[in-house]
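Examining the three-dimensional arrangement
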Amino acid sequence: MIMAINYQERIPNNVDLGSNRTLQRALEHWQPEFLNWWQDMGPTDFQARDVYLRTATSVDAKGWATYGHVRMPDYRWGIFLADRNPERRVGFGDEFGKDVWQQVPGEHRSTLRRLIVTQGDTEPASVEQQRLLGHTAPSLYDLRNLFQVNVEEGRHLWAMVYLLHAYFGRDGREEAEELLQRHSGDTDKPRILGTFNEPISDWLSFFMFTYFTDRDGKYQLKSLAESSFDPLARTCQFMLTEEAHHMFVGDTGIARVVRRTIEVMKEIGSDDPEAVRRAGAIDLPTLQKYINFWFSSALDLFGADQSSNAASYFANGLKGRPDEAMYEDHIVRDQTYDLEVPDGQGGVRVDQIPLRNAMNEVSRASYVKDCEIGVVRWNRLLQKAGYEQRLALPSPRFRRTIGSWANVPTDMMGKPISAEEFATRQGEWLPTDGDRGFIASLMKGVTEPGKMAGWIAPPDRGINAQAVDYEYVRGA
Ligand SMILES: [Fe+2]
Ligand SMILES: [Fe+2]
């Protein structure tokens, strides 16, 4: 049974909202609060512009969206769940093979609520973090992509708020209110997760965020898409369809930076980082430092490497492994995991822990593999152009603040070093104030259709088969 999206109602949806008046009224009450939040905390100064945005029209993976110019406040945020599969069974943990849940089991109520709120909180947080970026977009194409990501993160908030309203009663409604009251970087009411409180003030960071941090989101959603709580699983399945574009923005954004840097190195006949900077492009060492910074902070979002919470989420069927179907054993009661931990004497020791307690680490490892795909692509550009430099992911032990490696100084390769050595050498590995200042100096908005800022190459193609010089944002 495919439920079409109903755009006739105030809140577009494919959950037959009209048949549940109480829920509909509660969400219609939340809607103006969301719109106020969007006006106050969403992208600054571009609310009246016409932006070429895609809007979901069905949850069918093929042809699920339409494109057209809309003002962002008129975007049709709504509630879209992947279709229900009546055959679906619990896919992992102690309840493996039983019926999935259409309602929240009482004993898992507070845990599921917390998982949903934590996921939901990141969605508006990223919009808040990015709210000033529109002013310094390197092209209209990029400006449009930023706003597409922003409106979809807004929709992801809707996705979580729907679950809270529909399945968690009064507590859920209160949580939905608070999702609009916490703000990124607010001293009194900050967002739940640390990284989501740092402003993203330059476009290199935005591309890093969409590559690394949104990809963490992808893996969290993949885990939740396995959940035995079926409405949560179906919500996350559709969010993943939207999320793919966010990572495309990051992946191609970084590739375009690399391509431009190569062009400039050819033009000036030098790969000297200072010379590259003088020519207005981003030198490879600075790019590497941004990768180190964003990759390491995204790794922390997976949680501790040994976690009894993760074990119970798995045992109880709340949160599975990303792509659970690719594993043979979905119960994993007796398996173990070899975890590398610091031995406290400057070396590394392997601890054997129950696999269920290592679920965060298992997800993190899949994530790291996924991150490597882009790095290989970026390096191919360097190789083809005849350069020997390569970009790389740092070791997952590097600069961690959560888990066994938290606050253990290591070099980029993950070799434990002294705190003194880390302090003297961190400027080689992480962006310095000088690096950030240089990146900031490049950030100047380019608004002529088809023109690109000097530090980034044009994309291979436009959005939805439009030309690169299409007027993606009108009146910018
Ligand atoms: Fe999202
Ligand atoms: Fe995203």
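Before reading on, note that the structure itself is shown above.
All of the points below concern the structure found in this document. (Residues numbered from 1 in each chain as written. Chains lettered and ligands numbered in written order. Predicted model: local features only at pLDDT ≥ 70, side-chain atom pairs only at ≥ 80, totals over all residues. Heavy atoms only, no water.)

**Thoughts on the coordination of the iron ion (ligand 2)**
Our working rule: Here the coordinating atoms are restricted to nitrogen, oxygen and sulfur within 2.8 Å of the metal centre, or 3.2 Å for Na, K and Ca, and because water is not among them the sites may look incomplete. Just to be clear on the cut-offs, tetrahedral is four donors with all angles between 85 and 135 degrees, square planar is four donors and octahedral six with opposite donors over 155 degrees apart and all others between 65 and 115, and anything else goes down as irregular.
The protein atoms donating to the iron ion (ligand 2) are Glu153 (OE), Asp214 (OD), Glu243 (OE) and His246 (ND1), with metal-donor distances spanning 1.8 to 2.2 Å. Around the iron ion (ligand 2) sit 4 donor atoms; with metal-centred angles ranging over 89 to 168°, the donor geometry is irregular. Sequence spacing among the residues donating to the iron ion (ligand 2) works out to E-x60-D-x28-E-x2-H. Distance-wise, the iron ion (ligand 1) is placed 3.5 Å from the iron ion (ligand 2), both being coordinated by glutamate 153.

**What to know about the coordination of the iron ion (ligand 1)**
The iron ion (ligand 1) binds to the protein through Glu123 (OE), Glu153 (OE) and His156 (ND1); the donor distances cover 2.0 to 2.2 Å. Sequence spacing among the residues donating to the iron ion (ligand 1) works out to E-x29-E-x2-H.

**Regarding the nonpolar core**
Spelled out, the test is: Side-chain atoms within 4.5 Å link the members of a nonpolar core, which is a set of buried Ala, Val, Leu, Ile, Met, Phe, Trp, Tyr and Cys residues. Accessible area is worked out with a 1.4 Å probe on protein chains only. A residue is then buried under 20% of its type maximum, exposed over 50%, and partly exposed in between. Put simply, DSSP H or I for four residues or longer makes a helix, DSSP E for two residues or longer makes a strand, and each gets a number counted from the N terminus. Throughout, a contact is declared for two residues whenever any of their heavy atoms are within 4.5 Å.
Judged by nonpolar contacts, the single largest core of 108 residues is most densely connected at Phe212, Tyr367 and Trp455. The element that contributes the greatest number of residues to this core is helix α3 (residues 140-167), accounting for 15 residues. When neighbours within four sequence positions are excluded, phenylalanine 212 is seen to be in contact with Ile291, Trp294, Phe295, Ala298, Tyr367, Cys371 and Leu393. Within the second largest apolar cluster, 8 residues are counted, among which are Phe314, Tyr327, Leu355 and Val362.

**Comments concerning the pairing of strand β3 (residues 336-342)**
This is how the line gets drawn: When DSSP locates at least two bridges between a pair of strands, those strands are taken to pair.
Inspection of the sheet shows β3 paired to strand β4 (residues 348-354) by 7 bridges, in the antiparallel sense. Pairing of threonine 336 across the sheet is with proline 354, part of β4. Hairpin connection from β3 to β4: 5 residues lie between these consecutive antiparallel strands, with glycine 344 at a positive phi of about 80°.

**Some thoughts on α3**
Put simply, the rule reads: One less than the number of residues in a helix, times 1.5 Å, gives the span that helix is expected to have. Polar contact criterion, stated in full: a pair of N or O atoms within 3.5 Å, where within protein one must be able to donate a hydrogen and the other to accept it, and residues adjacent in sequence count only if both atoms are side-chain atoms.
Taking 1.5 Å per residue as the helical rise, α3 with its 28 residues ought to reach 40 Å, and the 41 Å between its terminal C-alpha atoms agrees with that figure. Summarising burial for α3: 27 of the 28 residues are buried, a large majority. N-capping of α3 is provided by serine 139, with a side-chain oxygen placed 3.3 Å from the backbone N of tyrosine 141. In the segment just after α3, glycine 169 is the residue with positive phi, at about 55°.

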